[in-house]
Amino acid sequence: MTCIFCQILARELPGEILYEDEDLGVINDINPEAPVHLLIIPKRHFDSLNSLDDKTAQIGAKMFLAAKKMAEAQGIQSGYKVLINNGREVGQEIRHLHMHLMGGWGRRPVRK
Ligand code: 5GP
Ligand code: ZN
């Protein structure tokens, strides 16, 4: 069965895609823990960060760059944090690699 993030990025499930390119999609977290809380998700399915290797490392680099660009787009470039939960024991709920981008506590959020 296809995972929920694969389904959202394939537009098989509702979910507003804020940004996408050939490698990544970005959506709002359904249960935000910050005024701006986005999820940066590779289109290719990787279970977790553990699934990346030398051949796919560029995906990780692209995720960081997308975080920077999305922080700028959301007007939170002066302060934000990124997080990847890797493994159920630290709270990885969705088994599809994704990076949380959180910020906006100091200002009104700009949500699209
Ligand atoms: P994790 O705990 O795996 O690092 O993060 C999963 C995140 O995905 C959680 O913050 C949760 O709120 C979010 N989430 C779970 N299901 C959905 C969904 O169907 N749509 C969206 N947009 N976010 C989801
Ligand atoms: Zn997936």
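Here, the structure is the one placed above.
In this report, the structure presented in the accompanying data block is examined. Keep in mind that this is a model prediction, so the values were computed, not measured. (Residues numbered from 1 in each chain as written. Chains lettered and ligands numbered in written order. Predicted model: local features only at pLDDT ≥ 70, side-chain atom pairs only at ≥ 80, totals over all residues. Heavy atoms only, no water.)

## Section: the site of ligand 1
The environment of ligand 1 is formed by 16 residues, the closest being Asn28, Asp29, Gly91, Glu93 and His100. Taking Glu93, its main chain carries an N or O atom lying 2.7 Å from an oxygen atom of ligand 1. In the environment of ligand 1, an oxygen atom lies 2.9 Å from a nitrogen or oxygen atom belonging to the side chain of His98. Burial of ligand 1 by the protein chains amounts to 87% of its free accessible area of 520 Å². Broken down by secondary-structure element, the contributors of at least two residues to the shell around ligand 1 are α1 (4-9) and β2 (24-28). A total of 3 residues in the shell around ligand 1 trace back to one element, the largest contributor, which is α1. (Near = heavy atom within 4 Å. Polar contact = N/O pair within 3.5 Å; in protein donor to acceptor, adjacent residues only side chain to side chain. Areas by Shrake-Rupley, 256 points an atom, 1.4 Å probe, with all protein chains shown as cover. Helix = DSSP H or I, 4+ residues; strand = E, 2+ residues; numbered from the N terminus.)

## Things to note about a nonpolar patch on the surface
Residues Phe64, Tyr80 and Val82 make up a contiguous nonpolar surface patch of roughly 270 Å² in combined accessible area. The residue Phe64 is located in helix α2 (residues 57-73) in this model. (Patch = residues over 30% accessible without salt bridge, like charges linked within 9 Å, V, L, I, M, F, W, Y side chains within 5 Å. Salt bridge = Lys/Arg side-chain N within 4 Å of Asp/Glu carboxyl O.)

## Some words on the nonpolar core
Core analysis: the largest hydrophobic core is formed by 17 residues, its most contacted members being Leu38, Ile40, Met63 and Leu101. Mapped onto this core, the elements with two or more residues apiece are β2, β3 (36-42), α2 and β5 (99-103). With residues near it in sequence (within four places) discarded, Leu101 still touches Val36, His37, Leu38, Ile40, Ala67, Met70, Ala71, Tyr80, Lys81 and Val82. Core analysis: the next-biggest nonpolar cluster, separate from the first, contains 10 residues, Phe5, Cys6, Ile17 and Ile41 among them. (Core = buried A, V, L, I, M, F, W, Y, C linked by side-chain atoms within 4.5 Å. Buried < 20%, exposed > 50% of the residue type's maximum accessible area, 1.4 Å probe, protein only. Contact = heavy atoms within 4.5 Å.)

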